[in-house]
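For reference, the chains in residue letters:
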Number of protein chains: 2
Amino acid sequence: MPLAEIVGSLAAFLTTASFLPQAIKVLRTRETGAISLVMYSMFTAGVTFWGIYGVMTMQWSIIIANAVTVVLASIILSMKVREVMTSRTSRSGN
Amino acid sequence: MPLAEIVGSLAAFLTTASFLPQAIKVLRTRETGAISLVMYSMFTAGVTFWGIYGVMTMQWSIIIANAVTVVLASIILSMKVREVMTSRTSRSGN
């Protein structure tokens with residue numbers, strides 16, 4: 001494998017796998033206060049477009065990496081949305 | 001511009017720009033409790049490797065997008081490290 005391919009594979013592994021500890025953290029603690037709703041909305045949309053780009057250009061590595069990231073980013077986003085909805089409900093309740 | 005290139009550019013813009021609202025949020029609130037240190041350590045390393053991959057394969061779009069992301073991810077990571085260091089100091093102080 002050429003050196004550039006090794007560096008690229010390492011880069012893809014690290015950026016994709018990095019969302020796993022964050023997803024585990026929000027699932028475990030249910031704490032999303034410091035997490036940006038705008039970031040995860042944009043990021044989840046962006047990764048979905050990367051997946052579509054992979055399908056359109058028939059690049060399996062792009063499809064797989066982004067499918068994994070979409071799942072992890074969606075977990076974080078949905079926990080954040082849940083927190084935002086809950087805080088709105090409790091605010092309107094008071 | 002072919003449709004796949006438009007989708008790819010939109011994907012690159014969204015995933016890169018998404019870190020801006022998160023960086024602004026942590027700089028403004030100084031709150032990083034819910035942010036995963038492991039995630040941003042892996043992610044910043046991964047994006048650095050993407051930049052190196054871009055240099056090795058001479059792809060300017062990869063170099064530029066990842067240079068921007070490295071800066072934004074480093075801001076978030078350094079604010080998180082600061083919080084971890086501060087909480088360690090105050091714990092040992094008590």
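Please refer to the structure placed before this passage.
Overview of the structure. None of these values were measured; they are calculated from a predicted model.

Observations regarding the relation of the copies chain A and chain B
- When chain A is brought onto chain B, the operation consists of a screw motion whose angular component is 180° and whose axial shift is 0.0 Å, with 0.0 Å RMSD remaining. Expressed as an axis order, the relation between the two copies is that of a two-fold axis. The C-alpha atom lying nearest the rotation axis in chain A is that of Ala34 of chain A; the distance is 2.6 Å.

Looking at the pattern of salt bridges
Residues and elements named next belong to chain A.
- Applying the stated criterion to the full structure yields two salt bridges over all chains.
- When the shortest N-O distance is used, the salt bridge between Lys80 and Glu83 registers 3.6 Å. In this pair, Lys80 and Glu83 are both assigned in helix 4 (residues 60–93), three residues apart and thus about one turn of the helix distant.

Details of the interface of chain A and chain B
- Taken together, the 37 residues of chain A in the interface contact 37 residues of chain B.
- Surface buried jointly by chain A and chain B totals about 3100 Å² across both partners, of which 79% is contributed by carbon and sulfur atoms.
- Interface area lost by chain A to chain B is led by Ala34, Met39 and Met42 of chain A, which between them contribute 18%.
- Seen at the junction of chain A and chain B, the total is zero salt bridges.
- One can count eight residue pairs in polar contact (both at pLDDT 80 or more) joining chain A with chain B.
- Going through the elements one at a time, helix 1 (3–17), helix 2 (19–29) and helix 3 (37–56) of chain A are the ones with two or more residues in the side of chain A that touches chain B.
- For the side of chain A that touches chain B, the leading source of residues is helix 3 of chain A, giving 13 residues.
- Its residues placed into classes, the side of chain A that touches chain B shows 24 nonpolar, nine polar and four charged.

Focus on the packing of aromatic side chains
- As enumerated under the stated definition, the model contains ten aromatic pairs over all chains in all.
- Judged by centre distance (5.5 Å) and plane angle (80°), the rings of Trp50 of chain A and Tyr53 of chain A are edge-to-face. Taken together, the residues Trp50 of chain A and Tyr53 of chain A, both in helix 3 and three residues apart, mark about one turn of the helix.
- On the basis of relative accessible area, Trp50 of chain A is assigned to the partly exposed category, the value being 25%.
- The interplanar angle of 25° and the centroid separation of 4.7 Å between the aromatic rings of Phe19 of chain B and Phe43 of chain B together place this pair among those described as stacked. Residue Phe19 of chain B is located in helix 2 (residues 19–29), and its partner Phe43 of chain B is located in helix 3 (residues 37–56); the two are separated by 24 residues in the primary sequence.
- Clustering of aromatic rings is evident, with ring pairs tying together Phe19, Tyr40 and Phe43 of chain A together with Phe19, Tyr40 and Phe43 of chain B.

As for helix 3 of chain A
Residue and element names in this part refer to chain A.
- The end-to-end C-alpha separation of helix 3 is 29 Å, in line with the 28 Å expected for 20 residues at 1.5 Å each.
- Listing the buried residues of helix 3 in full gives Met39, Tyr40, Met42, Phe43, Thr44, Gly46, Val47, Gly51, Tyr53 and Gly54.
- Capping of helix 3 at its N-terminal end is provided by Ser36; its side-chain oxygen lies 3.4 Å from the backbone amide nitrogen of Val38.
- Among the residues trailing helix 3, Met58 stands out with phi positive, at a value near 55°.

Quick word on the packing of helix 3 of chain A against helix 1 (residues 3–17) of chain B
- Running from N to C, helix 3 of chain A and helix 1 of chain B cross one another at 155°; their axes reach a closest spacing of 8 Å. Between helix 3 of chain A and helix 1 of chain B, the interaxial angle falls into the category roughly antiparallel. Seen along the crossing, helix 3 of chain A lies across helix 1 of chain B with a hand that is left-handed. Along the contact surface, helix 3 of chain A presents Met42, Phe43, Ala45, Gly46, Val47, Phe49, Trp50, Ile52, Tyr53 and Met56 of chain A, while helix 1 of chain B presents Leu3, Ala4, Glu5, Val7, Gly8, Leu10, Ala11, Ala12, Leu14, Thr15 and Ala17 of chain B.
- Taken together, the residues of the contact of helix 3 of chain A with helix 1 of chain B break down into 17 nonpolar, three polar and one charged.

Here is what the cut-offs are and how they apply
- Residues numbered from 1 in each chain as written.
- Chains lettered and ligands numbered in written order.
- Predicted model: local features only at pLDDT ≥ 70, side-chain atom pairs only at ≥ 80, totals over all residues.
- Heavy atoms only, no water.
- Least-squares fit on C-alpha atoms with pLDDT ≥ 70 in both.
- Salt bridge = Lys/Arg side-chain N within 4 Å of Asp/Glu carboxyl O.
- Helix = DSSP H or I, 4+ residues; strand = E, 2+ residues; numbered from the N terminus.
- Contact = heavy atoms within 4.5 Å.
- Buried area = accessible area lost by both parts, 1.4 Å probe.
- Polar contact = N/O pair within 3.5 Å; in protein donor to acceptor, adjacent residues only side chain to side chain.
- Nonpolar A, V, L, I, M, F, W, Y, C, P; charged D, E, K, R; others polar.
- Phe/Tyr/Trp six-rings, centres within 6.5 Å; stacked < 30°, edge-to-face > 60°.
- Buried < 20%, exposed > 50% of the residue type's maximum accessible area, 1.4 Å probe, protein only.
- Expected span 1.5 Å × (residues − 1).
- Axes fitted to C-alpha atoms, helices over the stretch in contact; angles between N-to-C directions.
- Parallel < 35°, antiparallel > 145°, perpendicular 65-115°, else oblique.
- Left-handed = near helix turned anticlockwise from the far one by under 90°.

In short, geometric facts, not functional conclusions.
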